[in-house]
Amino acid sequence: MPQPVPADTVLDLRFVINELVADGRLSRADANILLGANRTRAQSAMHPMAYIATQNMDDAARPGKLLDGEALTRWMAERAGLEVVHIDPLKIDVSKVTSVVSYGFAKRHNILCVEVTPDEVVIACAQPFVSGWEPQVEHVARKRVRRVFANPAHVERYQVEFYTLARSVTGASGGPGATGATNFEQLVELKSLGEADADDQHVVNIVDWLLQYAYDQRASDIHIEPRREMGRVRFRIDGVLHDVYEFPASVALAVVSRFKVLGRMNIAEKRKPQDGRIKTLRADDSEVELRLSTLPTAFGEKLVMRIFDPEVLLRSFHDLGLVGDDFKRWDGMLTRPNGIVLVTGPTGSGKTTTLYSSLRKLATSEVNVSTIEDPIEMVEESFNQTQVHHKIELDFAAGIRTLMRQDPDIIMVGEMRDLETAQMAVQAALTGHLVLSTLHTNDAPASVARLLDLGIPSYLINATLLGVMAQRLVRTLCPHCKEEGSIKADDWHTLVSPWKVNVPEKVYRPVGCLECRNTGYLGRQGIYEILMLSDSIQDLITERCNLQALRKQAMREGMRTLRLSGAQKIAAGLTTMEEVLRVAPPPERSER
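The structure presented is a predicted model; accordingly, all values stated were derived computationally and were not measured.

The next point concerns the overall build of the chain. Regarding its fold elements, the chain presents 24 helices and 19 strands. Dimensions along the principal axes, computed over C-alpha positions, put the chain at roughly 85 × 65 × 45 Å. Counting every position in the chain, which comprises 592 residues, the buried fraction comes to 51%. A separation of at least 24 residues holds for 65% of the contacts in the chain among residues at least 6 apart in sequence. With an accessible surface of roughly 28,100 Å², the chain has 49% of that area assigned to carbon and sulfur atoms.

Okay, structure coming up:
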């Protein structure tokens, strides 16, 4: 039975190891290995729990499990009678928590404020039995202190990150703030204001932190949105936006200017939209490209950055969720020598990833693969990419016309936006080329109606179109924490209608853990609806095409709707009904 720990006991390696042995969490043999090990200077400087977590010792109380940081944190919190808190930067107001105590005080006492409420300050500590600092914090903050315990490695890491960021923001906004000349309310708020310099070291630090933080959090987009008194930063993670930080208005303006400088954009022009690109390095030295887009708003320039991870191009179709019959149908279309293959879906549905992965597979040394894009999403060396330039009259149609003289085998057109582009794509297909492109429609059959609306005659659609794949992205359940759940038979039959598919014996629900940031989801996969043009389908494509009849015939021939594809992912334990219903259009919407 472990003895009570005296007050003000400072955790050292020998004490922690002995407590673990006494609690039956560490064998004496492993304890002797830890105590007898020759630690490097860096290891000696580590918190004892952080050091033990790096040694991959077996947890004697949990066979097959290791004494990792999470297990040690929960054990020590229970030993000290404190609540466990996981420090999630996306949920912490950095400017508030860093104003409670100084960095020096936090470092000296191994603490970090993680929340400030009207009545109390919540302090995460790495030394759970030391509380002599509490009266000083209560005196300064004029609020009561609630102590919690957090992973000591996280306390040390976020001490540096939070206070460095706070210093940079304060330094960048040290002078009078700036709302910027593009502020919609400038006419009634005329002030003589100075702007933070985009090349100021504080601003550089903020930008570097923002990018690295986005990479760490697996963000696909960064939004910097100006408001009257501040600028809001949000990340899109697994398709959902999360609030990250709020900068003073002048700092947000300087951060946007810094990104514009890096993206080789005109920082003096703030009245019209601009586009740019940045290539950066992550901590592991892998390259990441960002596509920048600015938009003038009432309170300044809004900046959105799309993050393109080159590792996406290395993912297999299985990783993308394109498996089984869907993969066979898609692969069958790609192996045809000529014709048009379309991918359809809204923005952010994964069309670009699907096309690039397909082109990368097709781009062998025996064929010439060329693209015309607006803009080039990701630079890939295995095929030739051309950027649309409207100022010099190089649009999609002109690009296809030029590519036809470049002896291509496979052509990818970024999007069929107008009749001229569609006509050129049809001509390319008729002259023996395989053409891949995208459309924006709700489902696969609706793409036929879209081509008719653009003005392509039905006989040319029948002669050139090989098939259409509609897709969406659903969040996948976190494999570390998902639990078995239940599903109502009526809800299931509504989802899979009109097919008669039995309710799966086992389904899972999201729970939430540290790995998935307590969302219950980790990563995304595609759900697909593939329409292939058979003889019977072609007979239905006329100038007055009946989409409902076309859809029913396609389903009789094996086309699975997006919802049925999602249902298969549910039955496989990969996602949930709520997630499928969130992204897949209902039948009545598709019927219109």
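From this point, things continue past the structure.
All right, on to the UniProt feature "domain: Bacterial type II secretion system protein E" (unreviewed entry) in the chain then. As recorded in UniProt, the feature "domain: Bacterial type II secretion system protein E" (unreviewed entry) lies at residues 404-418. As annotated, residues 404-418 comprises 0% helix and 27% strand, and the C-alpha atoms at either end are separated by 19 Å.

We now examine the sheet that holds strand β4 (residues 144-149). Strand order across the open sheet formed by four strands is β1-β4-β3-β2, with mixed pairing between neighbours. The open sheet is flanked by β1 (83-84) and β2 (111-116), the only strands paired with a single partner. Pairing geometry for strand β3 (residues 120-125) and β4, over six bridges, is parallel. Its bridge partner lying in β4, V122 is registered against R146. Of the strands in this sheet, β2, β3 and β4 are in contact with helix α9 (residues 152-172), which crosses β2 at around 70°.

Let us now look at unusual backbone geometry. The omega angle of the peptide bond from D374 to P375 is -5°, so this bond is cis rather than trans. When you line up the elements, P375 lands in the loop between β12 (369-373) and β13 (384-387). S497 connects to P498 through a cis peptide bond whose omega is 10°. Its place among the elements puts P498 in the loop between α19 (489-496) and β18 (507-509).

Let us look at the pattern of salt bridges. If you walk through the whole model with that rule in mind, you get 33 salt bridges. The partner of D59 in a salt bridge is R25, and the shortest N-O contact between them spans 2.7 Å. Taken together, the residues span a long stretch of sequence, with D59 in the loop between α4 (48-53) and α5 (69-80) and R25 in the loop between α1 (13-22) and α2 (28-36) at a distance of 34 residues. The residue E120 makes a salt bridge to R144 at a minimum N-O spacing of 3.5 Å. Here E120, found in strand β3, pairs with R144, found in strand β4; they are 24 residues apart in sequence, far enough to count as distant. Linked through salt bridges whose partners overlap, the residues forming this network are E225, R227, R232, R234 and D243.

On to α2. Listed in full, the buried residues belonging to α2 are D30, A31 and L34. Looking down the long axis of α2, one finds its buried residues gathered within 105° of arc, a one-sided arrangement. Set apart from the buried face of α2 by more than 90 degrees, the exposed residues are I33 and G36. Those residues of α2 that are buried are in contact with α1 and α4.

So, on to the packing of aromatic side chains. For the structure on display, the rule yields nine aromatic pairs. Seen in terms of ring centroids, F15 and F129 are 6.5 Å apart; in terms of plane orientation they differ by 85°. Their pairing is edge-to-face. With F15 in helix α1 and F129 in the loop between β3 and α8 (134-141), this residue pair connects regions lying 114 residues apart in the sequence. A single burial state applies to F15 and to F129, both of which are buried. Geometrically, the ring pair formed by F317 and F327 is tilted, given 5.6 Å between the ring centres and 45° between the ring planes. Here the residue F317 occupies a position in helix α12 (residues 317-320), and F327 occupies one in helix α13 (residues 324-334), the gap between them amounting to ten residues. Residue class for F317 comes out buried when judged on its relative accessible area of 11%. Looking at F327, the relative accessible area reads 26%, which means it is partly exposed.

Let's shift gears to helix α14 (residues 351-362). Each α-helix winds once per 3.6 residues, and so residues spaced three or four apart point in a common direction. In this model, α14 (twelve residues) spans 16 Å end to end at C-alpha, consistent with the 16 Å of a helix rising 1.5 Å per residue. K351, T354, L355, Y356, S357, S358, L359 and L362 are the residues of α14 that are buried.

Glancing now at the packing of α19 against helix α22 (residues 562-571). At their nearest, the axes of α19 and α22 sit 8 Å apart, and the two run at 135° to each other. For the element pair α19 / α22, the angle class is oblique. Where α19 abuts α22, its residues W492, L495 and V496 lie against R563, L564, A567 and I570. Residues that form the contact of α19 with α22 fall into these classes: six nonpolar, no polar and one charged.

With that out of the way, let us pick up the nonpolar core. Within the largest apolar cluster, 85 residues are counted, with the highest numbers of intra-cluster contacts made by I222, I224, F235 and F259. Looking at this core, the element that brings in the most residues is helix α10 (residues 201-216), giving nine residues. Apart from residues lying up to four places away in sequence, F259 is in contact with V207, L210, L211, I224, I278, L292, L303 and M305. In this structure, L533, I541, L547 and M577 belong to the second largest nonpolar core, which totals 53 residues.

Calculation rules
- Residues numbered from 1 in each chain as written.
- Predicted model: local features only at pLDDT ≥ 70, side-chain atom pairs only at ≥ 80, totals over all residues.
- Heavy atoms only, no water.
- Helix = DSSP H or I, 4+ residues; strand = E, 2+ residues; numbered from the N terminus.
- Buried < 20%, exposed > 50% of the residue type's maximum accessible area, 1.4 Å probe, protein only.
- Contact = heavy atoms within 4.5 Å.
- Areas by Shrake-Rupley, 256 points an atom, 1.4 Å probe, with all protein chains shown as cover.
- UniProt positions renumbered as here; feature names shortened; annotations may be inferred.
- Pairing = 2+ DSSP bridges.
- Axes fitted to C-alpha atoms, helices over the stretch in contact; angles between N-to-C directions.
- Salt bridge = Lys/Arg side-chain N within 4 Å of Asp/Glu carboxyl O.
- Arc of directions from axis to C-beta.
- Phe/Tyr/Trp six-rings, centres within 6.5 Å; stacked < 30°, edge-to-face > 60°.
- Expected span 1.5 Å × (residues − 1).
- Parallel < 35°, antiparallel > 145°, perpendicular 65-115°, else oblique.
- Nonpolar A, V, L, I, M, F, W, Y, C, P; charged D, E, K, R; others polar.
- Core = buried A, V, L, I, M, F, W, Y, C linked by side-chain atoms within 4.5 Å.

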